[in-house]
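# Topology and contacts: notes
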Amino acid sequence: MGRWGGRLGALLLGAPLALAFPRPGWWWLALVGLAPLLLAAMAAPSGREAALRAWLGGTGFFLAVDAFLFPEVGPFMVPLAMLLAALWLPVGWLAWVLLGGGGSTRLGPGRLGAALALVPSAFVAGEALRSWDGLGGPWGLLGASQWNAPELLSVAALGGVWGLSFLLVAVNVAVAAALGRGVPGSTRVLAAAAAAALPLAALGFWALRPPPPPAGTATVAFVQPGVVGPVEDRFRASERLSRTLPASPRPDLVAWGESSLGRDPAADPGDLARLEAVARDTGAPVLANVDAQRAGDGGIYKSALLVGPAGVLGSYDKLRLVPFGEYVPLRPLLGWVARFTDAAPVDRHRGAHLAVLSAGGLRIGPLICFESAFPDLARNLAASGAEVVVVQTADTTFQGSWGLDQHASLAAVRAVESGRPVVQAALSGTSAAFDARGRRLAWAPGGWRGAATVELPRSQERTPYVRVGDVVPAACAAALAAAGLVAALRRRRPG
């Protein structure tokens, strides 16, 4: 094929893996979709070339899975994808060292075991690193592709989305080893057995896991008015739709989308009175969302505001902001980027901490938009006593794109990780709700307009992930460090 042919092939091989995510959501593709790129890395003439092929494959993947960003980010999408894909470089190099590089004929059980541990570790470590919000955040984590496969998604209760990513990459490594050229027959059999055993183990956990103890139900309403530009019109649309909710069952909470209130109600008592009136008319507190300059310090915050019939019950200021969206990193140096993108002309301010708000007898953990992509936030809300996680988002920018469904699908992953039902209320869709085991209870696509209620089984379960946190990325980093130390000691050994 030649060097450049192999590189072009690697770039193309990375893109189909995006089809495992919504839409179309072919979850099964995540079990095999990385194997062709691993085979291309294994067949590379050098470790350097293998790493380069993995980088190009990662670039193709990020360009495909984040394609909905092109209209907003423009030409900057390409360097952004290349930056994120750089985290795939160690994956390709390790695949070559352990499974290819002319050493496939020596591929025995020990070497295969090392590959099954270290290649997924490199992949998960890269996912964890880019999950720092300054690098763009954890969008397109491989484990999140299993949102509509409850059997495999159940693994997220053990180790978060990281454990599920590890499992999926390990299956792909086993498939690549079983198909690799020059691999001894006995090792092929072991690799094929591993490729089958790993998903079966997840299926066994899902089948044998006891159901959560009964804890009653909660009824949450969500309001989806659509793309309404003027601030006052958007406010009125949410008010009007809220009043169309049926009297029975009476909701415990009415959730509005992000930026449903585009001005600070503290500066206008009339706005607060209108929210109180909606709470009285619906019989439930209203979780509105304010995106406006705040009276007092003059900063612009994105805030969840819980209002009952008698006034404000609590609030939460968004912690994780979208880089080059809600703020521009190093704006004095990079502010020119805002001229070519939809970045906010003025940086939003960050909140100080998470908050669990009490809506009568229901304790809710609010998250705002991009924050539903971060595993630790929903986990910490569950650990702090939240019974339901509510995600408020707008998503008006990505109408008609895969981005709407990708965003809504994250609620299923957060639900399984945290052991709590999750509701996403989107201004313009997709709104959705999932129970604590990731089963879909509601789904309102981008074209739907209205208000609806969903009954959520409450859960007090503390999943292993809530108890122990992000141990999987830490274990992956430790495994890579230990392997590097062993390799260095072997090189220093005489002979």
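Just above sits the structure.
Residues numbered from 1 in each chain as written. Predicted model: local features only at pLDDT ≥ 70, side-chain atom pairs only at ≥ 80, totals over all residues. Heavy atoms only, no water.

## Brief notes about unusual backbone geometry
Convention followed: Secondary structure elements follow DSSP: runs of H or I no shorter than four residues count as helices, runs of E no shorter than two count as strands, and numbering proceeds from the N terminus.
Arg 23 connects to Pro 24 through a cis peptide bond whose omega is 10°. Residue placement: Pro 24 occurs in the loop between α1 (3–14) and α2 (35–42). Cis geometry marks the peptide bond from Gly 429 to Thr 430, where omega comes out at 0°. Despite not being glycine, Cys 369 shows a phi value in the positive range, around 50°.

## Description of the sheet that holds strand β4 (residues 300–308)
How we decide: At least two DSSP bridges between two strands are needed for those strands to be called paired. All axes here are fitted lines through C-alpha atoms, helices being fitted over the stretch that makes contact, and every angle between N-to-C directions spans 0 to 180 degrees. We call two residues in contact when some of their heavy atoms are within 4.5 Å.
One open sheet accounts for six strands, arranged β5-β4-β3-β2-β1-β12; its pairing is mixed. Where the open sheet ends on each side, the last strands, each with one partner, are β5 (311–317) and β12 (450–457). Strand-to-strand twist of the sheet, defined as the mean angle between neighbouring strand axes without regard to direction, takes the value 30°. Relative to β5, β4 is paired through six bridges, and the arrangement is antiparallel. Across the sheet, residue Val 307 finds its bridge partner in β5, namely Val 312. Across the sheet, helix α11 (residues 231–242) lies against β1 (217–224), β2 (253–255) and β12, angled at about 140° from β1, the strand it touches most.

## Here we look at the environment of Gly 299
Take Gly 299: it is sitting in the loop between β3 (286–293) and β4. The spatial distance from the C-alpha of Gly 299 to the C-alpha of Arg 348 is 7.2 Å, given a sequence separation of 49 residues.

## Considering the environment of Pro 211
Here Pro 211 lies in the loop between α10 (185–208) and β1. Expressed as a C-alpha distance, the spacing of Pro 211 and Ser 401, which sit 190 residues apart in the sequence, is 36 Å.

## Considerations on helix α5 (residues 77–85)
Worth spelling out the cut-off: Partly exposed residues are those whose accessible area sits between 20% and 50% of the maximum for their type, while under 20% is buried and over 50% is exposed, using a 1.4 Å probe and protein chains only. Working note: the arc is built from the helix axis to C-beta atom directions.
Within α5 the residues assigned to the buried category are Met 77, Ala 81, Leu 84 and Ala 85. Down the axis of α5, the sector holding all buried residues measures 100°, keeping them to one side. Along its buried surface, α5 packs onto α3 (47–65), α4 (70–73), α6 (89–99) and α7 (109–130).

## Some words on the packing of helix α9 (residues 156–179) against helix α17 (residues 471–492)
Let me state the cut-off plainly: Oblique is the label for any angle not covered by the other classes, which are roughly parallel (under 35 degrees), roughly antiparallel (over 145) and roughly perpendicular (65 to 115). Residues were grouped as follows: Ala, Val, Leu, Ile, Met, Phe, Trp, Tyr, Cys and Pro as nonpolar; Asp, Glu, Lys and Arg as charged; and all remaining residues, including Gly, as polar.
The contact between α9 and α17 brings their axes to 7 Å, and the two run at 50°. Judged by the inter-axis angle, α9 sits oblique to α17. Contacts from Gly 159, Trp 162, Gly 163 and Phe 166 of α9 reach α17 at Val 472, Pro 473 and Cys 476. The residue inventory of the contact of α9 with α17, partitioned by class, reads five nonpolar, two polar and no charged.

## Here's the deal with the packing of aromatic side chains
The description of an aromatic ring pair rests on the distance of the ring centres and on the angle between the ring planes. The condition that has to hold: Stacked, tilted and edge-to-face are the three classes applied to pairs of Phe, Tyr and Trp rings, where Trp contributes its six-membered ring and a pair requires centres within 6.5 Å; stacked means planes under 30 degrees apart, edge-to-face means over 60, and tilted covers the rest. We call a charge positioned over a ring when the NZ of a Lys or the CZ of an Arg lies within 6 Å of the ring centre and within 35 degrees of the ring normal.
The final tally for this structure, using the stated rule, is 14 aromatic pairs. On the numbers, 6.1 Å between centres and 15° between planes, the contact of Trp 26 with Trp 28 is stacked. For Trp 28, a relative accessible area of 44% puts it in the partly exposed group. For the ring pair Phe 370 and Phe 374, a centre distance of 5.1 Å and an interplane angle of 90° mean the geometry is edge-to-face. Overall, Phe 370 belongs to the buried group, its relative accessible area being 8%. Judged by relative accessible area, which is 2%, Phe 374 ranks as buried. In this structure an aromatic cluster arises from ring pairing among Phe 21, Phe 61, Phe 62, Trp 88 and Phe 123. Over the face of the ring belonging to Trp 4 we find Arg 7, whose NZ or CZ atom lies 4.4 Å from the ring centre. Cation over ring: Arg 379 sits above Tyr 465, and NZ or CZ is 5.3 Å from the ring centre.

## Quick look at the packing of α7 against α10
So the rule is basically this: Left-handed is the label given to a crossing in which the near helix is rotated counterclockwise from the far helix by less than a right angle, and right-handed is the label when the rotation is clockwise.
Two elements in contact, α7 and α10, have axes separated by 10 Å at closest approach and are oriented at 30°. As for how α7 packs across α10, the hand of that crossing is right-handed. From α7, Pro 109, Leu 112 and Leu 116 reach across to α10, where they touch Thr 187, Leu 190, Ala 191 and Ala 194. Of the residues assigned to the contact of α7 with α10, the class counts are six nonpolar, one polar and no charged.

## Brief notes about the side chain of Ser 238
Mapping Ser 238 onto the fold places it in helix α11. By relative accessible area, which is 1% here, Ser 238 ends up buried. Among residues more than four places away in sequence, those in contact with Ser 238 are Val 223, Pro 225, Trp 256 and Ser 260.

## Concerning the sheet that holds strand β10 (residues 431–434)
Taken in spatial order, the six strands line up as β6-β7-β8-β9-β10-β11 in an open sheet, and their pairing is mixed. What marks the edges here is a single partner per strand, and that holds for β6 (357–359) and β11 (440–444). Neighbour-to-neighbour, the strand axes of the sheet open up by a mean angle of 20°, direction not taken into account. Pairing of strand β8 (residues 388–393) with strand β9 (residues 422–426) involves five bridges; the strand directions are parallel. Paired with Gln 392 across the two strands is Ala 425, which belongs to β9. Against the sheet, helix α14 (residues 375–383) makes contact with β7 (362–368) and β8, and its axis sits at roughly 165° relative to β7, the strand it touches most.

## Considerations on the nonpolar core
Heads up, the rule is: Only buried residues count toward a nonpolar core. Its members are Ala, Val, Leu, Ile, Met, Phe, Trp, Tyr and Cys residues joined through side-chain atoms within 4.5 Å.
If you look at the biggest cluster of nonpolar residues, it comprises 97 residues, and the most contacted ones within it are Leu 34, Leu 38, Phe 61, Phe 62, Trp 88, Leu 99 and Val 173. Considering each element in turn, this core owes the most residues, 15 residues, to α9.

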